[in-house]
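# Coordinates in review
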Amino acid sequence: MMDFQSSKQAHSNFQPKHAVQACAPASQVGQWLIPTDLDAKPVMAEEVLKGMKQQQVVLLGEQHDSAEDHRWQLHMLSQLHSQHANMAVGFEMFPRRLQGVLNRWVAGELSESEFRKQSEWDQVWGYEWDQYAPLFHYARMNRMPMLALNVERSLVSVVGQSGWDAVPLAQREGVTTPAAPQPAYLNALKSVFGMHGEKKIDEAAFNRFVQAQTVWDRAMAMVIADHLKQHPQAQVVGIMGSGHVRNGYGVAHQLKSLGVERTGLLMTWEHTDACHALGDGLADAIYLAQSPKNNPPRMGVGIDELPQAQGLKVTSITPGSIAEAAELKLGDVIVEVAGQAAKNFAVLRTAIQRQSPGTWLPLKVKREDKDLELIARFPVQP
């Protein structure tokens, strides 16, 4: 599944329900906070690092399209490395079949252009290379093992469409059955799954959705746990979407079921967003960041690639987004974007990134037995 959402909601739709005031004034950008049930308490960076030193794993949650998040991750990776020399860094961005390419990059055998090409970046991930590249260079410069945490998107998509039990053992990429999700995770996922106004949730479809999320979490946790089994004194830093990090519901929960008990959770938080009553356990600490004012356009839609390049199935729509205004619906299949066949997510992402404020993006969509032509209108910036 790939998200083309606003930076605040990409990969992390679980927002506090009772937040009512901004987290902090602009003067406090750069402050660390510990979220609690009643408020968010300031904490010194030294205390955050001290707490992370004792962890086997530190997960750095990101919004994939946020350059500020990636700069923060690089800063954190450097600081964590300074207090734990035996370190590996795992990336959600790469499926495990590309582990050999990551090994050759770290060993200094590939140029940056060769690494980008051989890692199939534009096909398997597609977000801004230049934002992630400093992390890759830091790992290479320090000969830090890079771990390919992910599985093929097609596996997660098949689970979402047919369920885990329907996937033949040979096609599971070595992923074992995930630990059962916590009730609170189910509630959070249900709020996401039903956030578009359906009167009644399709329980079978929801169960497949949950299975897809937990398989995704399990796959990444297994790579981390396997590395720690081979290198018991190591620490692994995980670079992944904040939806896999929040509240410890995702990767941390699966790690615990695999015997990895000590996992630290760190994320950024937009300083203008509310942080009152974030909830105890959201993360060990959150870092107040300020997003650039001129962000590229966002459409507000999550999609799954269909097999044999049959199109992009709409799996989520952000309320109030461009996608909602274009009257896209859950289950729609986008077959063309600006006249180009929507054979993979990169086609849609590239088209969105090229849109200027005030322009229109034509879409051809299949909805059940109907062929529709919709227009995504990107608003003029104030």
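The numbering scheme is per chain: residues are counted from 1 as the chain's sequence reads. Per-residue local features of the predicted model are confined to residues with pLDDT of at least 70, and side-chain atom pairs are confined, for both listing and counting, to 80 or more; whole-chain, interface and lining totals are unaffected and use all residues. The basis for every side-chain value is the complete set of heavy atoms in the structure, and neither hydrogens nor water enter the calculation.

We now examine the confidence of the model for the chain. Note: pLDDT gives the predictor's confidence per residue, expressed from 0 to 100. Here the chain averages 86 in pLDDT, and 87% of its residues register 70 or above. Across residues 1-21, confidence stays below pLDDT 50; counting only partners more than four residues off in sequence or on other chains, it has 83 contacts. Contacts were defined at the residue level, with two residues in contact if any of their heavy atoms lie within 4.5 Å.

Further remarks concern the pattern of salt bridges. Any carboxyl oxygen of Asp or Glu within 4 Å of a side-chain nitrogen of Lys or Arg constitutes a salt bridge here. Throughout the structure, instances matching the rule amount to eight salt bridges. Between Lys190 and Glu203 there is a salt bridge, and its shortest N-O distance comes to 3.9 Å. Linking Lys190 in helix H8 (residues 183-193) with Glu203 in helix H9 (residues 203-230), this pair joins segments that are 13 residues apart in sequence. Here Lys364 and Glu336 are joined by a salt bridge, their closest N and O atoms 3.7 Å apart. Comment: elements are numbered from the N terminus, with helices defined as DSSP H or I runs of at least four residues and strands as E runs of at least two.

Inspection of the secondary structure assignment puts Gln55 in the loop between helix H1 (45-53) and strand E4 (57-62). For Gln55, a relative accessible area of 18% translates into the label buried. If sequence neighbours within four positions are ignored, Gln55 has contacts with Gln235, Arg262, Thr263 and Gly264. For the exposure calls, accessible area comes from a 1.4 Å probe over protein chains only, and a residue counts as buried if that area is under 20% of its type's maximum, exposed if over 50%, partly exposed in between.

What follows covers the pairing of strand E6 (residues 146-150). Counted residue by residue, E6 has five buried out of five residues, so it is predominantly covered. Summarising the sheet, strand E5 (residues 87-95) and E6 pair through four bridges and their orientation is parallel. Each bridged residue has a counterpart across the sheet, and for Phe91 the counterpart in E6 is Ala148. Between any two strands, pairing holds if DSSP finds at least two bridges.

Attention now moves to the packing of aromatic side chains. Pairs were defined over the aromatic rings of Phe, Tyr and Trp, the Trp ring being its six-membered one, requiring ring centres within 6.5 Å. Orientation was assigned from the angle between planes: stacked under 30 degrees, edge-to-face over 60, tilted for the rest. Per the stated rule, a full pass over the model turns up 17 aromatic pairs. Centroid distance Phe91 to Phe94: 6.1 Å. Interplanar angle 80°. Geometry classified as edge-to-face. The class for Phe91 is buried, based on a relative accessible area of 0%. For Phe94, a relative accessible area of 0% corresponds to the buried category. Note on Phe115 and Phe136: the rings are 5.6 Å apart at their centroids and 85° apart in plane angle, and the pair reads as edge-to-face.

Our next topic: unusual backbone geometry. Within the chain, Arg143 stands out as a residue other than glycine whose phi angle is a positive 50°. Counting through the fold element by element, Arg143 comes out in the loop between helix H6 (129-141) and E6. Backbone geometry at Glu368 places phi at a positive 55°, although glycine is not the residue there. Tracing the chain through its elements places Glu368 in the loop between strand E14 (360-367) and strand E15 (370-377).

Every α-helix carries 3.6 residues per turn, so stepping three or four residues along brings you back to the same face. Listing the buried residues of H1 in full gives Val48, Leu49 and Met52. The buried residues of H1 occupy an angular sector of 95° when projected down its axis, which confines them to one face. Pointing more than 90 degrees away from the buried face of H1 are the exposed residues Glu46 and Lys50. Of all possible arcs, the one meant is that of the directions from the helix axis to the C-beta atoms.

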